[in-house]
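Residues per chain are reported as follows:
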Amino acid sequence: MKNTLKANLIGKLSDELIELVPSSFDILGSKGDAVAIIEIPEELESYETIIAEALMHVHKNVKSVLAKSSERYGELRLRDYRLINGDPNTEIIHKESGCRFKLDPRVTYFSARESSERERICEQITDPEDVLVMFSGIGPFPICIAKHNPGTTCTAIELNEDAHRYCLENIKLNKLQDRVTALQGDVREVCPTLGKQFDRVLTPLPKGAHLFLDITVPMVKSGGVLHFYHWAPDDDPYSDAVKLVEEAASEYDRTCEFLGGVRVAKYSPGVSKIRVDLRID
Ligand SMILES: C[S@@+](CC[C@H](N)C(=O)[O-])C[C@H]1O[C@@H](n2cnc3c(N)ncnc32)[C@H](O)[C@@H]1O
């Protein structure tokens with residue numbers, strides 16, 4: 001988000017230090033209660049309270065400022081933050097595309113930057129469908145899909161107990177109890193208990209979704225669509241992902257048709273989070 005944070009720091013920090021202040025940061029939440037998440041370079045750590053105060057001055061709705069203090073790690077894809085100013089309660093309600101998502105970024109994965117990806121998926125649904133969202137977090141995909149496709153039902157599976165608890169709350173907040181079902185557990189254990197296949201399956205876990213393709217492929221109906229997420233080099237973003245899905249499908253004597261791919265977000269220099277869409281027959 002572009003901001004006037006730097007302008008607000010004039011007179012409080014030297015010009016050289018202001019140059020180092022990030023020109024973008026994330027704001028989760030809405031009018032009254034928002035949390036800002038910022039990356040503070042090492043050289044600015046001793047000035048972080050001044051930066052956080054300026055940020056809260058510019059964005060009056062921000063009640064807490066968190067600094068990223070690690071990369072995402074582990075199977076729950078969390079990261080560490082330090083509270084650098086404001087309310088230690090960092091639970092917020094984030095509004096997006098007519099949906100409301102309650103969450104605490106300190107205990108769950110959530111990326112507001114991926115709202116356009118959720119919109120792109122919603123646009124692909126040919127309502128009514130039966131959709132499975134594996135690795136569903138606090139529920140942004142299933143909720144967005146069900147909210148914008150009134151005949152569609154979604155099943156969501158998430159390992160992180162906190163994220164699952166928020167997903168259950170979010171289903172209620174968005175009045176989708178009759179069409180979204182959230183299950184807590186490891187997809188490897190939960191999927192085989194569902195006893196059915198789906199028109200569309202999403203695997204939004206770019207770090208490692210390929211390790212679950214042996215249980216993912218059988219969840220897709222014949223003629224259904226798999227949205228498979230992966231990290232890939234920018235110079236050849238889709239080949240590896242398509243090959244991985246084709247190989248997994250061939251284990252079940254099933255064939256795939258590559259429908260297209262999307263670069264979802266930049267991950268690191270030369271590497272992006274991508275999605276490939278395949279029809280599996
Ligand atoms: C990158 S996050 C995406 C969350 C959500 N889909 C979103 O877009 O906000 C991946 C999620 O997969 C969950 N996860 C990781 N391994 C899992 C497993 N074996 N079974 C179920 N969920 C898992 C993590 O806890 C995390 O919430």
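Residues numbered from 1 in each chain as written. Predicted model: local features only at pLDDT ≥ 70, side-chain atom pairs only at ≥ 80, totals over all residues. Heavy atoms only, no water.

Explain the domain arrangement of the chain here, please?
Interfaces are often sized by the accessible area lost when the parts come together. According to the domain assignment, the chain consists of domain 1 (5–90) and domain 2 (109–280). Taken together, the nine residues of domain 1 in the interface contact nine residues of domain 2. Taking both sides of the interface into account, the surface hidden between domain 1 and domain 2 amounts to around 830 Å²; carbon and sulfur atoms contribute 59%. When the buried area of domain 1 at its contact with domain 2 is split by residue, Leu28, Leu76 and Arg77 rank highest and sum to 53% of it. Applying the counting rule to domain 1 against domain 2 returns one salt bridge. As a salt-bridge pair, Arg113 and Asp26 come within 2.7 Å of each other at their nearest N and O atoms. In this structure, the connection of domain 1 to domain 2 is made through one residue pair in polar contact (both at pLDDT 80 or more). (Domains from an automatic or database assignment. Contact = heavy atoms within 4.5 Å. Buried area = accessible area lost by both parts, 1.4 Å probe. Salt bridge = Lys/Arg side-chain N within 4 Å of Asp/Glu carboxyl O. Polar contact = N/O pair within 3.5 Å; in protein donor to acceptor, adjacent residues only side chain to side chain.)

How should I be thinking about the pattern of salt bridges in this particular structure?
Here the idea is simple: oppositely charged side chains can pair when their charged atoms come close. The full count for this structure, using the stated rule, is 20 salt bridges. In this structure, Glu48 and Arg82 form a salt bridge, with 2.5 Å as the shortest nitrogen-oxygen distance. Placement of the pair is Glu48 in helix 3 (residues 48–58) and Arg82 in strand 4 (residues 81–86), with a sequence separation of 34 residues. For Glu48, a relative accessible area of 13% corresponds to the buried category. Judged by its relative accessible area of 25%, Arg82 falls in the partly exposed class. Where Arg165 meets Asp162, a salt bridge forms, and the shortest distance between an N and an O atom there is 3.0 Å. Of this pair, Arg165 and Asp162 both sit in helix 6 (residues 161–173), separated by three residues, roughly a single helical turn. Asp162 sits in the partly exposed class, given a relative accessible area of 28%. (Helix = DSSP H or I, 4+ residues; strand = E, 2+ residues; numbered from the N terminus. Buried < 20%, exposed > 50% of the residue type's maximum accessible area, 1.4 Å probe, protein only.)

Help me out: how do you make sense of the sheet that holds strand 2 (residues 34–38) in this one?
By way of backbone hydrogen bonds, the strands of a sheet pair with one another, either parallel or antiparallel. If you walk across this open sheet you meet the four strands as 1-2-3-4, and the pairing is mixed. Both outer strands of the open sheet, strand 1 (26–29) and strand 4, are each paired with one neighbouring strand and no more. Going across the sheet, the axis of each strand differs from the next one's by a mean of 25°, ignoring polarity. Pairing of strand 2 with strand 3 (residues 62–68) involves five bridges; the strand directions are parallel. Bridge assignment links Val35 to a residue of strand 3, and that residue is Ser64. Across the sheet, helix 3 is in contact with strand 2, strand 3 and strand 4; its angle to strand 4 comes to roughly 60°. (Pairing = 2+ DSSP bridges. Axes fitted to C-alpha atoms, helices over the stretch in contact; angles between N-to-C directions.)

How should I be thinking about the environment of Thr181 in this particular structure?
Along the polypeptide, Thr181 turns up in strand 9 (residues 180–184). Residue Thr181 is classed as partly exposed on the basis of its relative accessible area, which comes to 42%. It is 24 Å that separates the C-alpha atoms of Thr181 and Gly208, two residues lying 27 residues apart in sequence. Setting aside chain neighbours within four positions, we find Thr181 in contact with Cys154, Thr155 and Ala156.

What's the story with the site of the ligand in this structure? I'm lost.
Around the ligand sit 17 residues in total, of which Glu75, Phe135, Glu158, Asp186 and Val187 are the nearest. Interatomic distance of 3.1 Å between a backbone N/O atom of Leu159 and a nitrogen atom of the ligand. Here the ligand, which alone exposes 600 Å², has 98% of that area covered by the protein. For the shell around the ligand, the class distribution of residues is 10 nonpolar, four polar and three charged. (Near = heavy atom within 4 Å. Areas by Shrake-Rupley, 256 points an atom, 1.4 Å probe, with all protein chains shown as cover. Nonpolar A, V, L, I, M, F, W, Y, C, P; charged D, E, K, R; others polar.)

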